[in-house]
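# Summary of structural features
The residues making up each chain are set out below.
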Amino acid sequence: MSLLTLQGRILVPFIMGTYQSERFSAAKGQCDLVRRRDGQWFLLVTVDLPDGAKTPTTDFLGVDLGVANVATDSDGVKHSGDGVETCRIRHHTRRQGLQKAAAGRKRRGRRPKAIRRKLRDLSGREARFRKDVNHTLSKTLVAKAQDTGRGLALEDLKGIRDRTRFRKAQRARMGGWAFHQLRTFIAYKAQRGGVMLEIVDPRNTSRECAVCGYVAKTNRPSQAEFRCGVCGHTDPADVNAARNIRSRARAAVDRPNDHGGCRHPG
Ligand SMILES: [Zn+2]
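These lines cover the structure that appears in this document, whether it is placed above or below. (Residues numbered from 1 in each chain as written. Predicted model: local features only at pLDDT ≥ 70, side-chain atom pairs only at ≥ 80, totals over all residues. Heavy atoms only, no water.)

### Some words on the coordination of the zinc ion
Geometry reference: four tetrahedral donors at a metal, ideal angle 109.5 degrees. Six octahedral donors, ideal angles 90 or 180 degrees. For the zinc ion, every protein donor is listed as C209 (SG), C212 (SG), C228 (SG) and C231 (SG), and the spread of their distances is 2.2 to 2.3 Å. Coordination geometry of the zinc ion: the four donor atoms subtend angles of 105 to 116° at the metal centre, consistent with an arrangement described as tetrahedral. The sequence pattern describing where the donors of the zinc ion fall on their chain is C-x2-C-x15-C-x2-C. Taken together, the residues span a long stretch of sequence, with C212 in the loop between β9 (197-200) and β10 (225-227) and C231 in the loop between β10 and β11 (234-236) at a distance of 19 residues. (Donors = N, O, S within 2.8 Å, 3.2 Å for Na, K, Ca; no water. Tetrahedral: all angles 85-135°; square planar, octahedral: opposite > 155°, others 65-115°. Helix = DSSP H or I, 4+ residues; strand = E, 2+ residues; numbered from the N terminus.)

Okay, structure coming up:
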């Protein structure tokens, strides 16, 4: 790599993994040189990959993003993202401990510098772990939709934090999970793989019966369970929600005219 420095131009050797070298020819001529806190240098290169040819489809894999499982799909498969919950709890506990220690030092008039650094390192590690899980998860979901000739359907997550289906304690825990990142990863991997992506209205996906359409708060006897008060249909609550997400996407492509974000190929 040739870099222009204050002391003139220098040549620096650099290494790439297989993933990077396969895509390097698509580099857009724009990059950032970044120094991480641990002293390692990275070259962040923007690549411009062609979109896959969109496969027209009328069926979707509905995906519900949640707490107990990071994602549940409308086939009833739960994607837990191995170790996510353990990692979440461990980091949370550790952070609280460090924050307490920092506050204690401050009270005694000392600067909690070392503790602050530990907190920073912790959040860096946590972010890298999350990113890794989100990459794996989005890859799995997009591949599944692709292999079965379906599109992907997700809820519009703008309001996810104040969703009624999450109790306060859970909302607090979820706040830390990067659902936005997961959705971004799913979106670009879907686009690259030619998989249709539908974003559906999230209202009542957790209260509506996926079989008969009856909507009621009482359809949820517990956080984990769905039981329809009219037809008696039962399912794990996240599976029922994922099935609703799937049917909303199917309905949206059935009548594309009253669907604002039409993503039909061509
Ligand atoms: Zn029902």
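Next, the rest of the story.
### Some remarks on the pairing of strand β2 (residues 8-11)
Of the strand pairs in this sheet, strand β1 (residues 2-5) and β2 are connected by four bridges, and their pairing is antiparallel. Paired with L3 across the strands is I10, a residue of β2. Counting the residues in the hairpin turn of β1 and β2 gives two residues. (Pairing = 2+ DSSP bridges.)

### What to know about the pairing of strand β8 (residues 151-155)
Judged by how many residues are buried, β8 sits mostly within the fold: five of five residues are covered. Burial along β8 is two-sided: G151, A153 and E155 and L152 and L154, pointing in opposite directions, are all buried. Where strand β5 (residues 60-65) meets β8, four bridges bridge the pair, whose relative direction is parallel. In the sheet register, L61 faces β8, and the bridge partner there is L152. Note that β8 and β9 share four bridges and pair parallel. (Buried < 20%, exposed > 50% of the residue type's maximum accessible area, 1.4 Å probe, protein only.)

### What to know about a nonpolar patch on the surface
A cluster of nonpolar side chains, F14, M16, F24, V45 and V47, forms an exposed patch at the surface whose accessible area comes to about 370 Å². Tracing the sequence through the fold places F14 in the loop between β2 and α1 (18-23). For F14, a relative accessible area of 38% translates into the label partly exposed. (Patch = residues over 30% accessible without salt bridge, like charges linked within 9 Å, V, L, I, M, F, W, Y side chains within 5 Å. Areas by Shrake-Rupley, 256 points an atom, 1.4 Å probe, with all protein chains shown as cover. Salt bridge = Lys/Arg side-chain N within 4 Å of Asp/Glu carboxyl O.)

### Quick look at helix α3 (residues 113-147)
For α3, spanning 35 residues, the distance from its first C-alpha to its last is 51 Å, which sits close to the expected 51 Å at 1.5 Å a residue. Along α3, the positions that sit buried rather than exposed are I115, L119, L122, E126, R130, V133, N134, L137, S138, L141, V142 and A145. G149 sits one or two positions beyond α3 and adopts a positive phi of about 65°. (Expected span 1.5 Å × (residues − 1).)

### Some remarks on the pattern of salt bridges
In the structure shown here, the tally under the stated rule is 13 salt bridges. Residues D59 and R250 are paired through a salt bridge, measuring 3.7 Å at the closest nitrogen-oxygen approach. Taken as a pair, D59 in the loop between β4 (41-47) and β5 and R250 in helix α6 (residues 237-254) lie far apart in primary sequence, 191 residues in all. Residues R95 and E126 are paired through a salt bridge, measuring 2.9 Å at the closest nitrogen-oxygen approach. Note that R95 is positioned in helix α2 (residues 84-107) and E126 in helix α3, a separation of 31 residues in sequence. Residue classification places R95 among the partly exposed residues on the basis of a relative accessible area of 23%. In this structure, a network of salt bridges that share partners links the residues D73, D75, K144 and R150.

### Quick look at the nonpolar core
In terms of nonpolar packing, the biggest core is built from 20 residues, with V63, L65, L141, L152, L182 and I186 touching the most fellow members. For this core, the elements supplying multiple residues, two or more each, are β5, α3, β8 and α5 (179-193). In terms of residues, this core owes the most to one element, α3, which gives five residues. One finds M196, V200, I245 and A249 within the second-largest nonpolar core, a separate group that totals seven residues. (Core = buried A, V, L, I, M, F, W, Y, C linked by side-chain atoms within 4.5 Å.)

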